[in-house]
Every structure is written in structure tokens, then in C-alpha cells.
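# Examination of the molecular architecture
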Amino acid sequence: MLQELVRMLLTACLRLADRRRKPVRPPSQRTVILLHHAYGTGGTVRTVLTYARHLAAQRDVELVSVVRERQSSFFTIPDGVGVTFLDDRMEPPRGLRGAARRHLSRVPSLLVPQNEPSYKRCSLWTDVLLVRYLRSLQGGVLITTRPSLNLAAAMCAPAGVVTIGQEHMNLGTHRGALRAQILRWYGRLDAVVTLTPSDMEGYRCALPKQIHAPHAPHLDFIPNALPALKGGPADQRAKTVMAAGRLVKQKGFDLLLAAWQEVAAAHPDWTLRIYGTGRLQTRLETQIRELGLATTVSLMGAAGDIGTEMSKASILALSSRYEGLPMILIEGMSKGLAVAAFDCPTGPREIITDGADGLLVEPENAAALAGAIGRLIEDDDLRRRLGAQAVLTAAARYDLTGIGARWDALFDELATAGRRTP
């Protein structure tokens, strides 16, 4: 109730304070994709930029970023796609707006649930800017890309805007207040798009039970599409295993290091490279030293060109505790890397057919992961066969042409159905 009251107060105040609206493009052609940080390094940004490139071929596409915390984009922004920032933190605060920014930025967000990962990077100032922007929209399509933004769109987007909430994780990982808010408000969206069919069914079972939902949203699953990658195919002669992702608990690199201790003991001439940055870097560095792995494990930092790095390895390890649809897995398969992955919820099972184009093992079982990596190291024929089939799987299921067509079909479906009445 508090969040709903805040939303109503913010909306009322902003309507009074912002009588003049900027002119907007024709609604039928305008598509806004709302991100937390469009210049960031995460997998969500990378996959959104991929389908934005497809949409921009036929539509007027704009990325709207809640914050800006880098001077330039980590990934290449597609041609024809504009970028707008609501809270540009690279600009010093000036004047009345600057004073409001200084004061309201000290107050925690009231719109973002506290157990949403972006909570600590938001504030009452970003609440004001986000509500103001959403209320200014007049028609067109709005795609939001994380739970807090999906919720904001469901609460604040005007009736003339077609709202598509995209989920990059899975419903089972959302707990407590965040899950409660999702089940209450997602029913106001025109569509909820998941990455996997199993997650879509999870929403299908959960959302209709909510008495607050004025209408059932259109549910669909659209996997992430393969981005264009540099570099050649995987080097099957390379004695290198790679992994990549944010250095956070979700990615399970602590489990991978525990598995690698066993692998390194049997195969000391092989090395493990982990690409990514994050708050657990110091802890992982300590674990590497304590396990005596300093000569065989390297924390490589962020990879601006992950495709080229993949061409230097022969095996990809995925140690995540949970996922939405792990893009690194699809990208690695497209390069011909042989994959050993935890069968975590959700994604790996939807991507990999165990024994045909990769190996799946029990989630969070470091010994099982070590065994799978060891099999790939010791069996050259298996490693090459799985890598070759992985290339075919990635091309058949995740090519941008096919995934883009699914986005086009969703747009057509929503245009035919028309905006539901909130």
C-alpha cells in the first residue's frame, strides 16, 4: 500500500509541475526500451542491444536508461537506436534541479523493492524521474527489462501505451516483497515475456490467481538472440577452460574453483580463465590462494570482446546457482566450445541436450562439475563432437533472424488485441 500511495502522490505532483510535454513520435512507430543502465556491462544490456538492432530496422527505437554511470557505452549501440538518460550521474548537479538531485538522492527508493538487485543504486530522485518519464509517454510500445522497471510500467504507464515486461531471470528466484509485487502488478502489463517456456508456465500458473489483476497479460517466451561475435571458432587444441559472468554468488564461481581444485590435480597443464567483475572478486582471489590454484586460475576482468576470448579456449564451464537464460552458454556453443554446466533453474536444460551438445550435471555439485570437465579434457573425440553439435544448436535456435521474427509476431499480436483497459 505504501508504494501505491507514493506512486499516486508522485504522479499527482508531477502532473501539476510538468504541464508542458515534449512532442513525441508517432505512436505506431515508436518503441521505447527501458533499462537500468544502458551503458553498463551486464548480459541484460548486451541481449537488449541485440534485439534493439532488429527492431530498429522497421521501427523508431529509443533506449531510455534510468541512470548513467559511465562516460561511454561498454557495448556498441546499434545504428539508428537513440539513447536517453534520466539520471545522468556523469553530469555535475546544477541549479534547482541539482539541489533536488542532491537531496532526493540521499533518500532510498520507495518504488523499487528492497530485495531487487538495483535497489541500492536507486533513490527517491530516480523514482521522481522515472514516474515523470513514464507519465509523459503518449502511445507507442514500452519494453521494460527488469522487475523494478516492469513494476513501474505496470503502475505508472498511461493507458495508451502498450507495455511489455521482459523477465531476464526466472520467477522462482524472486522472493519476499519483490515476488508479492510481481504477482500483484504484472497483471496490468499487456505482455510478460520470459526467456524459457518453463518460466512462462510458472507465470501462467501464478498470475491468474491474483485477484488484483484486472486482465490476464499475454504470456510469451522469446529467448535471447545471438549477438555478433568477433574472433574465430574455439581452439580445440587449447588446454584452456573458460567461464564468464558477474563475480556474484549467483554465478557460483566459488563452486567452480572447488571443482577446479580436483581438475587441476589431475591435469596440471590445463588452465581456467574467469572473465568478469563484481563484488566477490577479493573473496575469489582469497579462495584461489587458499586452494593453491594461483598457477592455473586467472581472474581476467571484464572482456570487451568475449568472442575473441572464446576462440582461445576449448571448454566452457557454467557454474551458476540459478539463471534466466545464460547468454554466455549460447555464445560459447556458437563458437564450438564444449560445455559442462550445472542443470540449474532455468536455462541450461532448455539449451543443452545432455550428451548431444554439452554435459549437464547436478546443480551446485562441485564434484560432478569436476567430473564433467575432466571427461571433456580426457576425451578429445567427445570434446570435438559436443562442440561441433553445439554450433548447430546455437545457429538453429538463437539466430537473430528467427528471434527477431518472434518479437515482430508479438508486436502484431498486441496490435491486433489492442490496449486492454487498466
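Residues numbered from 1 in each chain as written. Predicted model: local features only at pLDDT ≥ 70, side-chain atom pairs only at ≥ 80, totals over all residues. Heavy atoms only, no water.

## Regarding the overall build of the protein
- When helices and strands are tallied, the protein shows 15 helices and 13 strands.
- Whereas a compact globule of 422 residues would reach a radius of gyration of roughly 22 Å, the protein reaches 22 Å, a difference of no more than 12%.
- Restricting the contact set of the protein to residue pairs at least 6 apart, pairs at least 24 apart contribute 71%.
- Total accessible area computed for the protein in this model is approximately 18,200 Å², and 52% of it derives from carbon and sulfur atoms.
- Averaged over its 52 positive side-chain charges, the protein has a centre that lies 9 Å from the centre of its 40 negative ones. (Helix = DSSP H or I, 4+ residues; strand = E, 2+ residues; numbered from the N terminus. Rg over C-alpha atoms; globule rule 2.2 N^0.38 Å. Contact = heavy atoms within 4.5 Å. Areas by Shrake-Rupley, 256 points an atom, 1.4 Å probe, with all protein chains shown as cover. Lys, Arg positive; Asp, Glu negative; His and termini not counted. Charge placed at Lys NZ, Arg CZ, Asp CG, Glu CD.)

## Considerations on the packing of aromatic side chains
- Evaluated as defined, the whole model comprises four aromatic pairs.
- An angle of 75° between the planes, with centres 4.9 Å apart, marks the rings of Tyr39 and Phe85 as edge-to-face. Note that Tyr39 is positioned in the loop between strand 1 (30–35) and helix 2 (43–55) and Phe85 in strand 3 (residues 81–88), a separation of 46 residues in sequence. The same class applies to Tyr39 and to Phe85, which are both buried.
- Relative to Phe75, the ring of Phe74 lies with its centre 4.9 Å away and its plane at 90°, an arrangement referred to as edge-to-face.
- In this structure Phe75 comes out as buried when scored by relative accessible area, which is 15%.
- A cation sits over an aromatic face here: Arg59 above Phe411, 4.3 Å from the ring centre.
- The positively charged end of Arg68 is found above the aromatic ring belonging to Phe85, 5.0 Å away from the centroid. (Phe/Tyr/Trp six-rings, centres within 6.5 Å; stacked < 30°, edge-to-face > 60°. Buried < 20%, exposed > 50% of the residue type's maximum accessible area, 1.4 Å probe, protein only. Lys NZ or Arg CZ within 6 Å of the ring centre and 35° of its normal.)

## With respect to the pattern of salt bridges
- Taken as a whole, this structure holds 17 salt bridges when the rule is applied.
- The shortest N-O distance in the salt bridge between Arg89 and Glu69 comes to 2.7 Å. Taken together, the positions of Arg89 in the loop between strand 3 and helix 3 (95–104) and Glu69 in the loop between strand 2 (60–68) and strand 3 put the pair 20 residues apart, joining distant regions of the chain.
- The partly exposed category is assigned to Arg89, whose relative accessible area is 29%.
- Of the charged contacts, one joins Arg321 and Glu364 as a salt bridge, the two residues approaching to 3.8 Å between their closest N and O atoms. With Arg321 in the loop between strand 11 (315–318) and helix 11 (327–334) and Glu364 in the loop between strand 13 (359–361) and helix 13 (366–378), this residue pair connects regions lying 43 residues apart in the sequence.
- Through salt bridges with shared partners, a single ionic network connects Glu69, Asp87, Arg89 and Arg121. (Salt bridge = Lys/Arg side-chain N within 4 Å of Asp/Glu carboxyl O.)

## Observations concerning helix 4 (residues 124–136)
- Under the 1.5 Å per step criterion, the end-to-end length of helix 4 is 18 Å for 13 residues, consistent within 8% with the ideal 18 Å.
- Inspection of helix 4 places Leu124, Trp125, Thr126, Asp127, Val128, Leu129, Leu130, Val131, Tyr133, Leu134, Arg135 and Ser136 among the buried residues, and these make up the whole buried set.
- Its side-chain oxygen 3.2 Å from the backbone nitrogen of Trp125, Ser123 forms the N-cap of helix 4. (Expected span 1.5 Å × (residues − 1). Polar contact = N/O pair within 3.5 Å; in protein donor to acceptor, adjacent residues only side chain to side chain.)

## Thoughts on the side chain of Thr145
- Mapping Thr145 onto the fold places it in the loop between strand 4 (141–144) and helix 5 (147–156).
- Among the polar contacts listed, one links the side chain of Thr145 to the backbone oxygen of Leu34, at a separation of 2.7 Å.
- Here Thr145 is in contact with Ile33, Leu34, Leu35, Thr44, Val48, Tyr51, Asn150, Gln166 and His168, once residues within four sequence places are set aside.

## Observations concerning the sheet that holds strand 7 (residues 218–221)
- With respect to topology, seven strands assemble into an open sheet ordered 3-2-1-4-5-6-7, the strand pairing being parallel. Sheet topology places strand 3 and strand 7 at the edges, where each strand pairs with a single neighbour. Looking at each pair of strands side by side, their axes are set apart by 20° on average, direction ignored.
- Bridge analysis of strand 1 against strand 4 gives four bridges, and the strand direction is parallel. In the strand pairing of strand 4, Leu34 is matched with Thr144.
- Against the sheet, helix 4 touches strand 1, strand 2, strand 3 and strand 4, its axis set at about 140° to strand 3.
- Docked against the sheet, helix 5 engages strand 1, strand 2, strand 4 and strand 5 (162–166), running at close to 145° with respect to strand 4. (Pairing = 2+ DSSP bridges. Axes fitted to C-alpha atoms, helices over the stretch in contact; angles between N-to-C directions.)

## Regarding the side chain of Asp220
- You can see Asp220 is positioned in strand 7.
- Buried and unpaired, Asp220 has no salt bridge, with Arg406 as the nearest side chain of opposite charge at 4.2 Å.
- Sequence-distant contacts of Asp220, that is, excluding residues within four places in its chain, are made with Val192, Val193, Thr194, Met200, Arg406 and Leu410.

Just distances and angles here, no functional claims.
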